[in-house]
Amino acid sequence: MPLVLTRPTSPSRAFALARERELLPSALGSREQREQLAGELRSKSVFSARVTSETFLFAIKRVVESIVGDARDEGDERVSGMSLAEGRATLLNVLQALGYTPEGGFPDSLGVVPPAVAGSLQDLSSRRRLDLILNTQIALLQGRGQRDQGRDASTLIFYPAWELVRLEQSRVPRDWIDRFEQAGGTVLTDPDGFVRLAAHKNDPVWDALGDSALFDDALDVDHPPFAFNSGMGWREISAREYAALGGVTVPTSSRPAGESILPENTATLPDADALRRVLDRFQARRQSGRRVSAATLREQNRARLLERFDLEERGQG
Amino acid sequence: MNLGTAFTITENVGSFLAELRELADSETLNKALGIAVAQDVRDHLDFLNQNSPHKTARRLGATPTQHYAKAARAVSHESDATSATIVIPANFGLSRAFGPLKITPQNGKKWLTIPAHRSSYGRSAGEFADLSFVQFREDLAALFARDAATAEPFPLFWLKREVLIPQDRDVLPRDEDLAAVAEEAAEDWVEIILSNAGGLI
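What counts, and at which threshold
- Residues numbered from 1 in each chain as written.
- Chains lettered and ligands numbered in written order.
- Predicted model: local features only at pLDDT ≥ 70, side-chain atom pairs only at ≥ 80, totals over all residues.
- Heavy atoms only, no water.
- Domains from an automatic or database assignment.
- Buried area = accessible area lost by both parts, 1.4 Å probe.
- Salt bridge = Lys/Arg side-chain N within 4 Å of Asp/Glu carboxyl O.
- Polar contact = N/O pair within 3.5 Å; in protein donor to acceptor, adjacent residues only side chain to side chain.
- Nonpolar A, V, L, I, M, F, W, Y, C, P; charged D, E, K, R; others polar.
- Helix = DSSP H or I, 4+ residues; strand = E, 2+ residues; numbered from the N terminus.
- Buried < 20%, exposed > 50% of the residue type's maximum accessible area, 1.4 Å probe, protein only.
- Contact = heavy atoms within 4.5 Å.
- Expected span 1.5 Å × (residues − 1).
- Arc of directions from axis to C-beta.
- Pairing = 2+ DSSP bridges.
- Axes fitted to C-alpha atoms, helices over the stretch in contact; angles between N-to-C directions.

Q: In this structure, what is going on with the domain arrangement of chain B? I would like to understand it.
A: Interfaces are frequently sized by the accessible area removed from exposure as the parts join. All names here are of chain B. Segmentation of chain B into domains returns domain 1 (1–99 + 168–201) and domain 2 (105–161). Three residues, Leu-60, Ala-62 and Thr-65, lead the burial of domain 1 against domain 2; their summed loss comes to 70% of the area buried on that side. The interface formed by domain 1 and domain 2 includes zero salt bridges. For the pair domain 1 and domain 2, the number of links is zero residue pairs in polar contact (both at pLDDT 80 or more). In the side of domain 1 that touches domain 2, the residues fall into four nonpolar, four polar and no charged.

Now the structure itself:
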């Protein structure tokens, strides 16, 4: 199946969300910000603990847009497509230009923010802090974009659940199974005996998982990354997979017989008999062995890749 | 505005999908395909993150930057009545799945920086102070730092005018894998449409 390499026709949802954000300078620490600023305001703002400089926040906004958006303005000015390292270097330059020091903060707000130990998380110019700012904001925007895309009415029917998974490895991983249960989630087990942290997209577990009243490091969001430096993300779970896990798939409610879930603007509803015939032919090909399942192909490819990596590690690749 | 790398599932996708497109509403079908294929791409990148040898990091003795995991987080999809497109920001370099990738300096810069030491892996030259520039030839230079203990200079970054990264189809799932995922997503879509939940019967 040749795929057509192309350019997307619109920016990613994460990029659109990044562009919408307003600057919110604040001398408050991260805990106070979570306690005193409404979640809605935080989700639409660029802020960071004890950052009082609008100029620095604007730089953060532009860098984050650049990393998540991968876009260029007219004249090919590179407003995006930065790497994390380039983003850090840009922010360091801005801090230097503004005269920031860990001990004194920004010159125009001396004494407003407590002094920071150089190199610590409180030092805005430390690599740890810049990484935390950028990684958290980028993951929040991508998580919110994924949540927004995954929750429309038809998607909820075909892909009704999220699964919490680790995307980035962590030196000291937190116990997310325990958190999932504390948040009211039901830990599922798949047919192969693996624990799966999956729940319906509308399940309150997602809200609770990111609630700082329950977890001190939580970001008060109902989507990944849920907590600072969590490394966690979501997988989309299809109705078929969710049912196999024992989850509740589609509410059996209320739709009158004959009312399709297809959008109202659909010109003509498909012919059910014709659809059934096409489906039967497809499934017959699988039963006859002329079609290999996606899972089998994936396993074959992974086995091949592991062989390749093994050869490369031994210097033969 | 110029946007990132993407591939579109639109042509030669197998007879099953072609027949379906003749019969059924394509908007929700394409959305279902987009979700499934985007998830397959994320799963593939997650597999690479956990299993690939991270050759450069290993050679330099550095900690991997989890590049593939960050790429997985950035994968999204878009769809309409005619196609589903998987979108991956270009800064992850995954377009090399489809051909060699030529990288040149941007924003008026003259050189690309390539890490030459474990302390520069995953970092930008702008994050370091007091580097010395040494040019070896027209298209090759280096930025040197000094060892904190001995004051001996050592190359922190190699500088090049351009880099050509060879094609590597394995950074994304194979065509046949994506086709199978798309077909099974379409199969699920039809079964739901033909069920009580879909409301067509």
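From this point on, the discussion continues.
Q: Explain the pattern of salt bridges to me, please; I cannot follow it from the model alone.
A: According to the stated counting rule, one finds 42 salt bridges over all chains in the structure shown. A salt bridge links Glu-127 of chain B to Arg-88 of chain A, with the shortest nitrogen-to-oxygen separation between them at 2.5 Å. Residue Glu-127 of chain B is found in the loop between strand S5 (112–115) and strand S6 (132–137), and its partner Arg-88 of chain A is found in helix H5 (residues 84–98); the two belong to separate chains. Both residues of the pair, Glu-127 of chain B and Arg-88 of chain A, belong to the buried class. Among the ionic pairs, Arg-137 of chain B bridges to Asp-139 of chain B, the shortest N-O distance being 2.6 Å.

Q: Please explain the side chain of Asp-222 of chain A as it appears in this structure.
A: All names here are of chain A. With respect to the helices and strands, the residue Asp-222 is situated in the loop between helix H9 (205–209) and strand S8 (232–237). Looking at Asp-222, the relative accessible area reads 16%, which means it is buried. One polar contact links Asp-222 to Arg-147, side chain to side chain, over a distance of 2.8 Å. In this structure the side chain of Asp-222 is engaged in a polar contact, spanning 3.4 Å, whose partner is the side chain of Arg-151. Filtering out sequence-adjacent residues up to four positions away, Asp-222 remains in contact with Arg-147, Arg-151, Trp-206, Asp-207 and Trp-234.

Q: What exactly am I supposed to notice about helix H12 (residues 294–313) of chain A here?
A: Working note: α-helix, 3.6 residues per turn, so residues spaced by three or four point in the same direction. With 20 residues, H12 of chain A extends 28 Å between its outermost C-alpha atoms, agreeing within 8% with the 28 Å of an ideal straight helix rising 1.5 Å per residue. All of the buried residues in H12 of chain A are Ala-294, Leu-297, Asn-301, Leu-305, Phe-309 and Glu-312 of chain A. Burial along H12 of chain A is one-sided: seen end-on, the buried residues are contained in an arc of 105 degrees. Structural note: H12 of chain A exposes Glu-299 and Glu-307 of chain A on the side pointing more than 90 degrees away from its buried face. On its buried face, H12 of chain A is in contact with helix H2 (26–51), helix H3 (55–60) and helix H5 (175–193) of chain B.

Q: Is there a simple way to think about the sheet that holds S5 of chain B in this case?
A: Strands belonging to one sheet form pairs held by backbone hydrogen bonds; the direction of such a pair is parallel or antiparallel. All names here are of chain B. Taken in spatial order, the four strands make up an open sheet running S5-S8-S7-S6, and their pairing is antiparallel. Of all the strands in the sheet, the pair left with one neighbour each is S5 and S6. Within this sheet the neighbouring strands show an average axis-to-axis angle of 35 degrees, counted without direction. As judged from the five bridges shared by S6 and strand S7 (residues 140–146), these two strands associate in the antiparallel manner. Counted as the bridge partner of Phe-133 is Leu-143 from S7.

Q: Is there a simple way to explain the sheet that holds S8 of chain A in this structure?
A: All names here are of chain A. Spatially, S7-S4-S8 is the arrangement adopted by the three strands of the open sheet, whose pairing is antiparallel. Strands with a single pairing partner mark the edges of an open sheet, and in this sheet they are strand S7 (198–200) and S8. With strand direction ignored, the average angle separating the axes of adjacent strands in the sheet is 30 degrees. Here strand S4 (residues 161–166) pairs with S8 via six bridges, running antiparallel. By the bridge assignment for S8, Glu-163 is matched with Arg-235. Lying on the sheet, helix H6 (residues 127–150) is in contact with S4 and S8; it crosses S8 at an angle near 20 degrees.

Q: How should I be thinking about the environment of Ala-85 of chain A in this particular structure?
A: Looking at the secondary structure, you find Ala-85 of chain A in helix H5. Overall, the relative accessible area of 8% leaves Ala-85 of chain A in the buried class. Separated by 97 residues in the primary sequence, Ala-85 of chain A and Gln-182 of chain A have C-alpha atoms spaced 36 Å apart. In this structure Ala-85 of chain A touches Gly-122, Arg-123, Ser-124 and Glu-127 of chain B, once residues within four positions along its chain are discounted.

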